[in-house]
Amino acid sequence: MGTALIYDDEMTKYKLLWVDPACKIEVPERLTVSHEALVRTGLADRCVSVPVREATDAEILLAHSEEYLEAVKKTPYMSLEDLMEFTRQYGDVYFHPNIYHCAKLAAGAALQLVDSVMTGKVRNGMTLVRPPGHHSMRSAANGFCVFNNVAIAARYAKQKYGVQRVLIVDWDIHHGQGVQYCFEDDPSVLYFSWHRYEHQKFWPHLRNSDYDIVGKEKGAGFNINVPWNKVGMENGDYLSVFCHVLLPVAYEFCPDLVLVCAGFDSAIGDPEGEMCATPDVFAHLTHLLMNLAGGKLCAVLEGGYNLTSLAQSVCQTVQTLLGDPVPRPASLNSPCISALESLQCVRSAHKAYWSCLKHAADLPTSTISTKRIKLREGEETTEKGGEEEKDAEEKVWPEPPKRVTPPVCAALVLPDDVACPEGCERFSFSEDLDPLLASKLRESFLRDADDSTALITISSLIALTEKMEKNEICSGLALVRDVTKAMTSIVQHVTTVLSNRVLVVCVGDGNVPSHITEDRETLVVQMGSAQTDEQSCKYYIRVCLKKGCSDTSGFVQAVFGLLLPLGYEYDPSLVVLVRMPDSGVSDSLWQQLTGLLQSFALGHTLVLLQEEEKALVGLTASSLLGNPAPSLKQLQAPLTEDVEALERLRHRLQADWKLLQTTAPQTQ
Ligand SMILES: CC(O)(O)NCCCCNCCCN
Ligand SMILES: [Zn+2]
């Protein structure tokens, strides 16, 4: 199934008709540069084009009052003076004779996207709209927004398709208070937003945007606010919040549909956000959400005012929705202190509501900057002045790397009697084996040296890693007699001959030859149940789950709280995913893990299965081909001893691995 792209240039046909410094950044070119970039890069042609439509009155009334709708209906017939008068009753927004029409198209476009995804016409999609929506409230326009496109879409999905749980991820740099107010007492809609806040000194200056506003009554816990109290946040800050807050909660919530308030003013160069995250980070944010809800993801444009980073970020998002490999995470810095304080505050505020956060640390006490500094009357805000505003110094950043999709998506090394799944390519090393390599392999890995099939398999695997390194093949899978031996020979080859960093993920117990963990070029993370005396060290990390890998919620904790942050920090060029014999991991969790690990190494994931487990070839290959993993059930609480053990392990390792941090260093 494909990716929908919904755009209509009618939504470019309104603009600011008078002088208003606060609104001048919201220009029609935001839509044209975004769409033109998608066309120029060929991404638009790869999408399924779906037409826009106007939202009906009934649909708009899903999130707005009748008096508000009736008032907006009058604007097309207003004179310039009347439009200015009408605008004055709202904040930081402007009206235009054509904006009502465009606002109906923006909301209608979001509904068309929901229809396309919910009916299975497409897997996921994005719509480029203006006016944006997430600030508009039941009876008020605000922050360039007229109708709350995403709030309407969420209500529509529940009403028309019986969707039980909707996750709304708002990565725009402003707080979508309109969405928050719409669902704050509704446990069926989980709203997550990060936003520039600076202790309430940044627009819209709402006390309700802070981390301790968690939702009301039955909705308590279903509203997550992550305030950024400093500008300049980077990719590492964003990915830490995804790994340590959003994703564990999202998997516990187990949504049937994911809606994204896709604002790109959180990208570098944007005059509103003044952050430093680069456009390729949106490829990762998108990818990390794509295995939720069986892949049903609708991205709706919100803000984004630097036309260069906006266009690049839109392309990164759409290219990921199309299933292309995500770029390697550029050298991530550790989260800054302020981000860690926010992280700690949010996790602490929600520990009562989410079992995955039950053991989170308490609120930081001593750190001064988490205390809210009440905005005293007239105290200067961080807003720019009026006309005399200084030009944010021109930020420059590298063009996101071209994301080439290798000619072969998944290559499989299989015994002849095992069928090769649709869409994959059987791979066997054909050319005659280099005699030197053959003898080396024989003496170091093969018991009975004349075991020719094993030799062929091992040499096929080595040839496979070389083709992955050349980006001729994206991912691989092999059925082998002994996964440990195969893992060892691959790691040996890749780290010595190709001198690349390898992340080895071992699912299940079994001995991992110690020497592959001593070369510093390999990071091994093993998830199992065996309590071993040997301690984890920086490059060989053992996660012990009481009930082993059959405990889905404990396993998911370890994936988001430990494995993904490690992977992002280590930034390997190859991921080897090994399913140890009798691992006990469930099929859907195995597929989730196979999907998530493609965040690293340009998707170069090599999966090793014992040949007895040939029944797993099809579903593993499906994940390697980029098909969304089946959604896990709603997760019950992980075992206390497992979470405590994971916290201890993370605490011990965070000196070496900065992305494991979830708390700010204690200041005296
Ligand atoms: C969709 C959106 O979230 O990007 N809207 C942002 C609105 C920003 C308003 N800034 C007002 C500045 C007042 N001096
Ligand atoms: Zn915004």
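All of these numbers come straight from a predicted model, not from anything done at the bench. (Residues numbered from 1 in each chain as written. Chains lettered and ligands numbered in written order. Predicted model: local features only at pLDDT ≥ 70, side-chain atom pairs only at ≥ 80, totals over all residues. Heavy atoms only, no water.)

What am I meant to see in the packing of aromatic side chains here?
Using the criterion set out here, one finds 25 aromatic pairs in the structure. Here Trp-171 and Phe-282 contribute two aromatic rings whose centre-to-centre distance is 5.6 Å and whose plane-to-plane angle is 50°, an arrangement assigned as tilted. Linking Trp-171 in the loop between β4 (166–170) and α8 (177–183) with Phe-282 in helix α10 (residues 281–289), this pair joins segments that are 111 residues apart in sequence. Phe-282 matches Trp-171 in its accessibility class, with the two residues each being buried. (Phe/Tyr/Trp six-rings, centres within 6.5 Å; stacked < 30°, edge-to-face > 60°. Helix = DSSP H or I, 4+ residues; strand = E, 2+ residues; numbered from the N terminus. Buried < 20%, exposed > 50% of the residue type's maximum accessible area, 1.4 Å probe, protein only.)

Just to check I follow, could you spell out the domain arrangement of the chain for this structure?
How large an interface is tends to be reported as the accessible area lost when its parts come together. Split into domains, the chain comes out as domain 1 (2–14 + 24–371) and domain 2 (478–659). Computed from C-alpha atoms alone, the centre-to-centre distance between domain 1 and domain 2 is 32 Å. In this complex, domain 1 contributes 35 residues to the contact, which on the side of domain 2 involves 37 residues. Approximately 3,000 Å² of surface area, both sides summed, lies buried where domain 1 meets domain 2, with 58% of it carried by carbon and sulfur atoms. A per-residue breakdown of the area domain 1 buries against domain 2 is headed by Tyr-251, Arg-328 and His-359, which together make up 23% of the total. Put simply, domain 1 and domain 2 have two salt bridges between them. Here Arg-347 makes a salt bridge to Glu-647, at a shortest N to O gap of 3.8 Å. Counting the contacts that link domain 1 with domain 2 gives 11 residue pairs in polar contact (both at pLDDT 80 or more). For the side of domain 1 that touches domain 2, the secondary-structure elements that each account for two or more residues are α9 (235–253) and α10. Counting residues per element, the side of domain 1 that touches domain 2 draws most heavily on α9, which supplies 10 residues. Residue composition of the side of domain 1 that touches domain 2, by class: 17 nonpolar, 12 polar and six charged. (Domains from an automatic or database assignment. Contact = heavy atoms within 4.5 Å. Buried area = accessible area lost by both parts, 1.4 Å probe. Salt bridge = Lys/Arg side-chain N within 4 Å of Asp/Glu carboxyl O. Polar contact = N/O pair within 3.5 Å; in protein donor to acceptor, adjacent residues only side chain to side chain. Nonpolar A, V, L, I, M, F, W, Y, C, P; charged D, E, K, R; others polar.)

Explain the coordination of the zinc ion (ligand 2) to me, please; I cannot follow it from the model alone.
Between any two of four tetrahedral donors, the ideal angle at the metal is 109.5 degrees; between two of six octahedral donors, it is 90 or 180 degrees. The protein atoms that coordinate the zinc ion (ligand 2) are Asp-172 (OD), Asp-172 (OD), His-174 (ND1) and Asp-265 (OD), at distances of 2.0 to 2.6 Å. Coordination geometry of the zinc ion (ligand 2): the six donor atoms subtend angles of 55 to 157° at the metal centre, consistent with an arrangement described as irregular. A residue is classified by how much of its surface remains accessible, and His-174, at 4% relative accessible area, is buried. (Donors = N, O, S within 2.8 Å, 3.2 Å for Na, K, Ca; no water. Tetrahedral: all angles 85-135°; square planar, octahedral: opposite > 155°, others 65-115°.)

Looking at this structure, I do not really get helix α19 (residues 640–653). What am I missing?
Note that an α-helix has 3.6 residues per turn; residues three or four places apart therefore point the same way. Between the first and last C-alpha of α19 there are 20 Å, a value that for 14 residues agrees with the 20 Å anticipated at 1.5 Å per step. Of the residues making up α19, those classed as buried are Asp-642, Val-643, Leu-646, Leu-649, Arg-650 and Leu-653. All buried residues of α19 fall inside an arc of 125° around its axis, so they share one side. Across from the buried face of α19, at angles greater than 90 degrees, the exposed residues are Arg-648 and His-651. On its buried face, α19 sits against α9, α12 (337–349), β14 (540–544) and α16 (552–570). (Expected span 1.5 Å × (residues − 1). Arc of directions from axis to C-beta.)

Could you clarify how one ought to interpret empty space enclosed by the protein in this entry?
Tallied over the full model, the rule gives seven cavities of 30 Å³ or more. Taken as a whole, the largest cavity spans an internal volume of roughly 80 Å³. What lines the largest cavity is a set of 13 residues, and nearest its centre among them are Arg-347, Cys-356, Gln-557, Gly-561 and Arg-650. No other element matches α19, which puts four residues into the lining of the largest cavity. When the residues that make up the lining of the largest cavity are grouped by side-chain class, the tally is seven nonpolar, three polar and three charged. Here the lining of the largest cavity spans two domains, since at least three of its residues come from each of domain 1 (2–14 + 24–371) and domain 2 (478–659). (1 Å grid on protein atoms, 1.4 Å probe; cavity = no way out; pocket = protein on both sides within 12 Å on 5 of 7 lines; lining within 4 Å. Points joined across faces, edges and corners; volume = space filled by probe spheres on them.)

Looking at this structure, how should I read the pairing of strand β11 (residues 473–480)?
On a regular strand, each side chain points to the face opposite its neighbour's, so the side chains alternate between the two faces of the sheet. With eight of its eight residues buried, β11 lies for the most part within the structure. The sheet contact formed by β11 and strand β16 (residues 605–610) spans five bridges and is parallel. Within β16, the position partnered with Gly-476 by the bridge is Leu-606. (Pairing = 2+ DSSP bridges.)

Can you help me understand the environment of Asp-82 in this one?
Its location among the elements puts Asp-82 in helix α5 (residues 80–88). Between the C-alpha atoms of Asp-82 and Ala-655, which are 573 residues apart in sequence, the distance is 61 Å.

What should I look at first to understand the sheet that holds strand β6 (residues 223–228) in this one?
Two strands in a sheet stick together by hydrogen bonds in their backbones, pointing the same way (parallel) or opposite ways (antiparallel). On the basis of which strands lie adjacent, the open sheet formed by eight strands has the order β2-β1-β3-β8-β7-β4-β5-β6 and parallel pairing. Single-partner strands in this sheet number two, and they are β2 (48–49) and β6. Sitting on the sheet, helix α11 (residues 307–321) is in contact with β1 (3–6), β3 (124–127) and β8 (297–301), with an inclination near 160° to β3. (Axes fitted to C-alpha atoms, helices over the stretch in contact; angles between N-to-C directions.)

Where do I start with the environment of Ile-473 in this structure?
Examined against the element boundaries, Ile-473 turns out to sit in strand β11. Expressed as a C-alpha distance, the spacing of Ile-473 and Pro-407, which sit 66 residues apart in the sequence, is 6.5 Å. Ile-473 has contacts with Pro-406, Val-408, Ala-411, Phe-427, Leu-464, Lys-467, Met-468 and His-604, leaving out every residue within four places of it along the chain.

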